[in-house]
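# Chains, contacts and geometry: an overview
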Amino acid sequence: MDVNAAVAALAAIAGLLTGVIAMLAFRVSEREQRRPTRTSLHTDPVLPPGVDTVLSVLRSSAVVLDENDGVVKASSAAYALGLVRGGKLAVEPMLKMARDTRRDGEIRQVELDLPRRGTGRGDALAVSARVAPLGSRLVLLLVEDLTEARRIEAVRRDFVANVSHELKTPVGALSLLSEAVMDASDDPEAVQRFAGRMQIEATRLTSLVQELIDLSRVQNDDPLEDAEPVPVEELVAEAVDRCRHAAGTKDITMAAAGAADLRVWGNRGQLAAALGNLVENAVNYSPARTRVGIAVRSVAQPGGDLIEIAVTDQGIGISDKDKERIFERFYRVDPARSRATGGTGLGLAIVKHVAASHGGEVTVWSAEGQGSTFTLRLPEARAARGGRRPSERDDPEGLDSEAGGTPHPTPHASDPSAYETLPSPEVLP
């Protein structure tokens, strides 16, 4: 009996010890799970309150780094710019700035040119990087993309330089010619000759100033504020009439076809200037006794019908390398020929801006020695009118009846001698 009691007592003690050990092991396990690990210290640091919200609304690319240069938080723009790769800041100069700021707490800023990731182009990405401490352990990096701002600034500098150069040429010529007139006051023939040259330079200066004004207007104004349905037939007749004298001097035949009963939606003055520039260029750059054709047609599109106005010449043509730049301001394929024809290099830039502001486009097909075809595509009046909120002065009934009725009389439109009818020139791709 004593033996059995002793065995029972030992069993009870062993069970109690087992329970105590199990409880202690459970407590230790819970404590270890709650203890921050080395990994969690680096992957899940806590941002100061409100910082996450502020970073999400910033326009700049934002990156937050911990004490081991690990990325705690990065905006989508930072990934898009290629600043963060594989959870690390991939730009070494920025990483060095972050380490220096972490060491001394100073705010640093620098502008850098970074290579574009994933492109074969040689141009760089211009950025401004600013690093500041964020709390005791974190560092905040803000990166602003300056590429577009620098491009615009470069365009502005080039524009000012080109304007200065273009204005200096006729102004300098007028100054020299005026001195020549004064010196030749006793020679009537010389005075007449110099006065003729002065008139040419004055005309060139007036044309340049006017085109600068036109370019500024089409860039700054919204043409659709005062938009109206404009008959294409009137635009074509106005462009032909504008170039009639120059074409007659060179015995160039001007022909038009397909413009009847078609209307485009937009600013009449700007559209007339754009088409007039295309026809004027065709006449100026065409040899004598050739033909300039203006073909108009309506093209059905899913988003609304388009009106295509194609101006075709039999001139000198444009090389492939020049076709990429002909719509730039002041760019001229042949500067010497442009001086002879009075070109300023702004006509096609105006056409491009007018087309874009009216929701259209201008394209060119050309081959050297074979001529060129410039195609202006604009929204058809009814399609554009249907997608526009009518103003108080709009009269939908009057517009519909006018569009379906007899077109307005157009100068020279009913005159057979105004321009010869020509089958629509082929619009090449």
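So, here is what we can say about the structure in this document. (Residues numbered from 1 in each chain as written. Predicted model: local features only at pLDDT ≥ 70, side-chain atom pairs only at ≥ 80, totals over all residues. Heavy atoms only, no water.)

Across its full length, the chain carries 15 helices and 15 strands. A separation threshold of at least 6 residues defines the contact pool for the chain, and within that pool the share at least 24 residues apart is 65%. Only carbon and sulfur atoms are counted for the fraction: they give 54% of the accessible area of the chain, which is about 25,100 Å². (Helix = DSSP H or I, 4+ residues; strand = E, 2+ residues; numbered from the N terminus. Contact = heavy atoms within 4.5 Å. Areas by Shrake-Rupley, 256 points an atom, 1.4 Å probe, with all protein chains shown as cover.)

Before going further, it helps to spend a moment on the side chain of S372. Mapped onto the fold, S372 is located in strand β14 (residues 371-379). On the basis of relative accessible area, S372 is assigned to the buried category, the value being 4%. In this structure the side chain of S372 is engaged in a polar contact, spanning 2.7 Å, whose partner is the side chain of S366. Not counting residues up to four positions away in its chain, the partners in contact with S372 are V311, T312, D313, G317, I318, W365 and S366. (Buried < 20%, exposed > 50% of the residue type's maximum accessible area, 1.4 Å probe, protein only. Polar contact = N/O pair within 3.5 Å; in protein donor to acceptor, adjacent residues only side chain to side chain.)

As a further point, take the pairing of strand β7 (residues 138-145). Inspection of the sheet shows strand β1 (residues 61-65) paired to β7 by five bridges, in the antiparallel sense. Looking across to β7, one finds that V64 is bridged to L140. Where strand β6 (residues 124-134) and β7 come together, eight bridges link them in antiparallel fashion. Across the sheet, residue R130 finds its bridge partner in β7, namely L142. Taken together, β6 and the strand that follows it, β7, pair antiparallel across an intervening segment of three residues, in which G135 is found at a positive phi of about 80°. (Pairing = 2+ DSSP bridges.)

Right, let's talk about the pattern of salt bridges for a bit. Tallied over the entire structure, the rule returns 21 salt bridges. Close ionic contact of R268 with E238 constitutes a salt bridge, the shortest N to O distance being 3.9 Å. Within this pair, whereas R268 is found in helix α10 (residues 268-284), its partner E238 is found in helix α8 (residues 232-242), the two being separated by 30 residues in sequence. Taking relative accessible area as the criterion, R268 reaches 30% and is therefore assigned partly exposed. For the salt bridge of K321 with D322, the shortest nitrogen-to-oxygen distance reads 3.5 Å. Residue K321 is classed as exposed on the basis of its relative accessible area, which comes to 61%. By relative accessible area, which is 6% here, D322 ends up buried. Salt bridges sharing partners connect three or more residues here, namely D69, E92, R99 and R102. (Salt bridge = Lys/Arg side-chain N within 4 Å of Asp/Glu carboxyl O.)

Closest axis-to-axis distance for the α8/α10 pair is 9 Å, and the angle between their directions is 50°. When the axis of α8 is compared with that of α10, the two are oblique. Pair α8 / α10 crosses with right-handed handedness. Residues E234, L235, V236, E238, A239 and R242 of α8 pack against R268, L271, A272, A273, L275, G276, N277, V279 and E280 of α10. By residue class, the composition of the contact of α8 with α10 is eight nonpolar, two polar and five charged. (Axes fitted to C-alpha atoms, helices over the stretch in contact; angles between N-to-C directions. Parallel < 35°, antiparallel > 145°, perpendicular 65-115°, else oblique. Left-handed = near helix turned anticlockwise from the far one by under 90°. Nonpolar A, V, L, I, M, F, W, Y, C, P; charged D, E, K, R; others polar.)

Attention now goes to the environment of D305. Structurally, D305 is set in the loop between β11 (291-299) and β12 (306-312). Here the alpha-carbon distance between D305 and V264, two residues 41 residues apart in the chain, equals 10.0 Å.

Everything listed here is a matter of geometry and, on its own, says nothing about what the molecule does.
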